[in-house]
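# Descriptive analysis of the structure
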Amino acid sequence: MGNLRVAVDVGGTFTDVFVFDEINKKISVEKISSTPANPDIGVIQGLKKVNIPFEEIKVFSHGTTAGTNALIERKLPNTALITTKGFRDAIEIRRGTKLDLWDAYNDVAQPYIKRRDRFEITERTDYAGDILVDVNEQEVKALAHKLKKRGVEAIAVCFLNAYINGENERVTKEILQEQLLDVFITISSDILPEIFEHERMSTTVINAVLGPKITNYMKTLESKLGEKGYKGEILIMHSGGGVITSENVPKYAGRLASSGIAAGAIATKHIASLCGYKNAIGLDMGGTSTDISLVYDGNLKMTKEWYIEYGYPIGFPSIELMTIGAGGGSLAWIDAGGSLRNGPESAGSFPGPASYGKGGTQPTNTDANLILGRLSNSLLNGEMQLKKEQALQSLQPICETFGYTSLEAADAILNVANANMSDALRLISVRKGYDPRDFVLVAFGGAGGLHSAYLAKELHIPHVIIPTYPGVAAAYGCLLVDYRHDITQTYVANMEDVDQEDLNKAFAKLEQKGIELLKKEKVSVQNMQLIRHLEMRYSGQWRSLAVTVNRPIVSLSSALDKFHQEHERAFAFSNPDQKVEIYGLRVEAIGTVPKPELAKEEPSGNLENALKKYRHVYFKEEDGLVRTPIYKRSLLPVDSFIHGPAIVEQLDTTIIIPPQFTATVDEYKNIIIHVNIGGA
């Protein structure tokens, strides 16, 4: 057994590698350009670059955008949907809503399965779970014959009321599997036995369309890692902030639709905790997008209302995240009304920003930071050279339109980008009932350190934490997660009438499913943790809130009090006199795994040793270019005190400490920026 814990996070622009040696506590990191067409190639190249023996890898954890990209790009297998007669178009009718209600030209995306590939069969289960019409075996066999001729690779089965009794779905799956041996089949009663047919059907469809692609990707990666000498299992990040083994990927492929994004949220929670903060907002700003998460009282906020494309919800529990098109590669452009915009379109890894010299002609945030002197023209330890002349050329249309100098244009681009991110930070905090002043901002990703101080000032967040390896923090997050499964069930009952014994029995059944899943992943009983949640709502409402309860449940009064408190915080309303009902049950089945223990460092050396050079950097608050010290992060000693303006450079990011801000270095070598909220 080796001693290396390895995590690889594949992003839209870069593939990040994080290696932790358990014996000497040494950390190694690398970044290489992602290979979207074949992400496994980038993974292997990244591991080769970090130069470690594959046979010494003890744990391999992986966050991947394969599922996300497949849904966005619609590169999906030939998939069919089988549903109850009369409900073929439920997936297209949806909820009849739009992301922008007032934009008549902004249509919701088309379903992932075309109408010609959606089929109906005769079957019926009533609201109570009684089967009124059994599945006709011959009808299913005839349909299987048709699907075989069409070359179908995956099938989603979703029947009306199957959430309460999935027998007809199970029979249909058995018949189909006998006829279509190599076809991936998923049924709604297996993966999401919950009420609301659209949400359940959408989740089942997404699970089906991703199943073959994700499964094949995992098989390919396992094979390549095995050839290099790694004999262990691949642990894959999923939306709920845990990992599953490749064996469970086919059943829960839809959970990987936000695989890599969740890892950054896990890192946020851990880093904030190390620094003594229970409330944190995570800002993961990469090359293509920015992912924002929130930790309150030491817990990540969870949601069941998420999607990759609006209108097609994924019902698996997920860490609550907000993603916007603001990254280092986000394009600046002028709209039809003559206003300057930023994103959501990105230059991606190819051609990339104009300064990459690969054919990009539109200005990006990276180009703007380079022109302002905030970025060096040499990145990744000299492996990437940025071309300032091409960046300047890309800004000319903006300069001509607004009468700006190149410095003013670059500053304007970043101001728009910061405004977009500030709005997103407000949405996940202020709009949810949280005061940003009570939080710390944990900023990472390749571009997070360039923007975080200004965002914190805008929202009056007093401190910013920049972790030791911000450019690969999401990969680090992959090593901090446990095995985790969320098992759910619809359970509707009035709180005042509920039978606590029946409720405990229902929870026990869900817990047994969780235990079985963890046993498959070789988790010992002593490392299993089971957490119960009640989905509760006021009678007559459809929106619910999750409340944690004890096991076993002895009294529901504390859960009721907690529900009223949470409802007041989330919606600025509560009514203890109004009746409350239980809507659903959820069990978190967690298998804990050892976490990397970072070494603490003692103060040594002095700040002057870390000073590389000076560079003229543009700061609008100082009315122009300022001679600014540039520090090498690896040489910054613990307890350093840095006065802004200053810039700190390292392999995977650049950090700006603006004028009138200060920063300190803690014992874990995190940089903590102290925000000048009231200054200029």
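All of the points below concern the structure found in this document.

### As for the overall build of the protein chain
Along the backbone of the protein chain there are 16 helices and 37 strands. Against the globule reference of 26 Å for 680 residues, the protein chain gives a C-alpha radius of gyration of 26 Å, in line with a compact fold. In terms of principal-axis extent, the alpha carbons of the protein chain reach across some 80 × 60 × 55 Å. Residues counted as buried form 57% of the 680 residues belonging to the protein chain. Of the contacts made within the protein chain by residues no fewer than 6 positions apart, 68% connect residues no fewer than 24 positions apart. Total accessible area on the protein chain is roughly 28,600 Å²; 48% of this is exposed by carbon and sulfur atoms. The positive charge centre, built from 73 side chains, and the negative charge centre, built from 83, are 3 Å apart in the protein chain.

### Observations concerning the packing of aromatic side chains
The tally for this structure, following the rule as stated, stands at 13 aromatic pairs. Ring geometry for Phe 60 against Tyr 230: centres 6.1 Å apart, planes inclined by 50 degrees, an arrangement best described as tilted. Taken together, the positions of Phe 60 in strand β4 (residues 57-63) and Tyr 230 in the loop between α7 (197-228) and β11 (234-237) put the pair 170 residues apart, joining distant regions of the chain. The class for Phe 60 is buried, based on a relative accessible area of 0%. Between the aromatic rings of Tyr 538 and Phe 573, the centroid separation amounts to 6.0 Å while the plane-to-plane angle is 65 degrees, which identifies the pairing as edge-to-face. Highlighted residues: Tyr 538 in strand β28 (residues 528-538) and Phe 573 in the loop between α16 (557-571) and β30 (580-591), separated in sequence by 35 residues. Tyr 538 gets classed as buried once you look at its relative accessible area, which sits at 0%. Residue Phe 573 is classed as partly exposed on the basis of its relative accessible area of 37%.

### Considerations on the sheet that holds strand β9 (residues 154-158)
Pairing between sheet strands relies on hydrogen bonds along the backbone, with the strands arranged either parallel or antiparallel. The parallel open sheet is built from four strands, whose spatial order is β6-β5-β9-β10. Every interior strand has two partners, whereas the edge strands, β6 (118-121) and β10 (184-187), have only one. Between one strand axis and the next, the sheet turns through 20 degrees on average, direction left out of account. In this sheet, β9 lies alongside strand β5 (residues 79-84) in parallel orientation, the contact comprising five bridges. Directly across from Ile 82, in β9, lies its bridge partner Val 157. Against the sheet, helix α4 (residues 137-149) engages β5, β6 and β9, with an angle of about 165 degrees to β6.

### Looking at the sheet that holds strand β31 (residues 611-619)
Spatial strand order, β31-β32-β34-β35: four strands in an open sheet with mixed pairing. Both outer strands of the open sheet, β31 and β35 (653-657), are each paired with one neighbouring strand and no more. In this sheet, neighbouring strand axes are inclined to one another by 30 degrees on average, regardless of whether the strands run parallel or antiparallel. Of the strand pairs in this sheet, strand β32 (residues 624-632) and strand β34 (residues 646-650) are connected by three bridges, and their pairing is parallel. Residue pairing in the sheet places Tyr 631 in a bridge with Val 648 of β34. Against the sheet, helix α13 (residues 448-459) touches β31 and β35, its axis set at about 25 degrees to β35.

### Brief notes about helix α5 (residues 167-179)
When the terminal C-alpha atoms of α5 are compared, their 19 Å separation across 13 residues agrees well with the 18 Å that a helix rising 1.5 Å per residue should span. Among all positions of α5, only Asn 168, Glu 169, Thr 172, Lys 173, Ile 175 and Leu 176 are buried. Burial along α5 is one-sided: seen end-on, the buried residues are contained in an arc of 165 degrees. For α5, exposure combined with an orientation more than 90 degrees from the buried face picks out Glu 174 and Glu 178.

### Examining the pattern of salt bridges
The tally for this structure, following the rule as stated, stands at 35 salt bridges. Ionic pairing is found between Arg 118 and Glu 92, a salt bridge with its closest N-O pair at 2.7 Å. On the criterion of sequence distance, the pair formed by Arg 118 in strand β6 and Glu 92 in helix α3 (residues 90-93) is long-range, its members being 26 residues apart. For Arg 118, a relative accessible area of 2% corresponds to the buried category. Looking at Glu 92, the relative accessible area reads 31%, which means it is partly exposed. Each of Arg 255, Arg 484, Asp 486, Arg 586 and Glu 588 takes part in salt bridges that share partners, so that together they form one network.

### A look at the nonpolar core
Phe 18, Leu 503, Leu 534 and Leu 585 are the most contacted members of the largest nonpolar core, which has 66 residues in total. Setting aside its immediate chain neighbours within four residues, Leu 585 contacts Ile 487, Thr 488, Gln 489, Tyr 491, Leu 503, Ala 506, Phe 507, Leu 510, His 533 and Leu 534. Core analysis: the second largest hydrophobic core is formed by 52 residues, Leu 47, Leu 81, Leu 210 and Leu 221 among them.

### Notes on the pairing of strand β22 (residues 340-346)
By the bridge criterion, four bridges tie strand β21 (residues 330-334) to β22 in an arrangement that is antiparallel. Along β22, the bridge assignment pairs Ala 332 with Asn 342. Here β21 hands over to β22 after five residues, with Gly 338 in that stretch at a positive phi of 85 degrees.

### What to know about unusual backbone geometry
With an omega of -5 degrees, the peptide bond running from Arg 551 to Pro 552 counts as cis. The peptide bond linking Gly 644 to Pro 645 adopts the cis configuration, its omega dihedral lying at 5 degrees. With respect to the helices and strands, the residue Pro 645 is situated in the loop between β33 (641-643) and β34. Unusually for a residue other than glycine, Ala 572 sits at a positive phi of about 55 degrees. Turning to its location among the elements, Ala 572 is positioned in the loop between α16 and β30. Since its relative accessible area comes to 63%, Ala 572 is described here as exposed.

### With respect to the side chain of Asp 411
Tracing the backbone shows Asp 411 in helix α12 (residues 406-428). Those residues in contact with Asp 411, other than ones at most four positions away along the chain, are Leu 372, Arg 374, Tyr 618 and Lys 620.

### Brief notes about the side chain of Arg 200
Within the secondary structure, Arg 200 sits in helix α7. Although Arg 200 is buried, it makes no salt bridge; Glu 169 carries the closest opposite charge, 4.2 Å away. Residue contacts for Arg 200: discarding those within four places in its chain leaves Cys 158, Phe 159, Leu 160, Asn 161, Ala 162, Tyr 163, Glu 169, Ser 188, Leu 192 and Glu 194.

Analysis parameters
- Residues numbered from 1 in each chain as written.
- Predicted model: local features only at pLDDT ≥ 70, side-chain atom pairs only at ≥ 80, totals over all residues.
- Heavy atoms only, no water.
- Helix = DSSP H or I, 4+ residues; strand = E, 2+ residues; numbered from the N terminus.
- Rg over C-alpha atoms; globule rule 2.2 N^0.38 Å.
- Buried < 20%, exposed > 50% of the residue type's maximum accessible area, 1.4 Å probe, protein only.
- Contact = heavy atoms within 4.5 Å.
- Areas by Shrake-Rupley, 256 points an atom, 1.4 Å probe, with all protein chains shown as cover.
- Lys, Arg positive; Asp, Glu negative; His and termini not counted.
- Charge placed at Lys NZ, Arg CZ, Asp CG, Glu CD.
- Phe/Tyr/Trp six-rings, centres within 6.5 Å; stacked < 30°, edge-to-face > 60°.
- Pairing = 2+ DSSP bridges.
- Axes fitted to C-alpha atoms, helices over the stretch in contact; angles between N-to-C directions.
- Expected span 1.5 Å × (residues − 1).
- Arc of directions from axis to C-beta.
- Salt bridge = Lys/Arg side-chain N within 4 Å of Asp/Glu carboxyl O.
- Core = buried A, V, L, I, M, F, W, Y, C linked by side-chain atoms within 4.5 Å.

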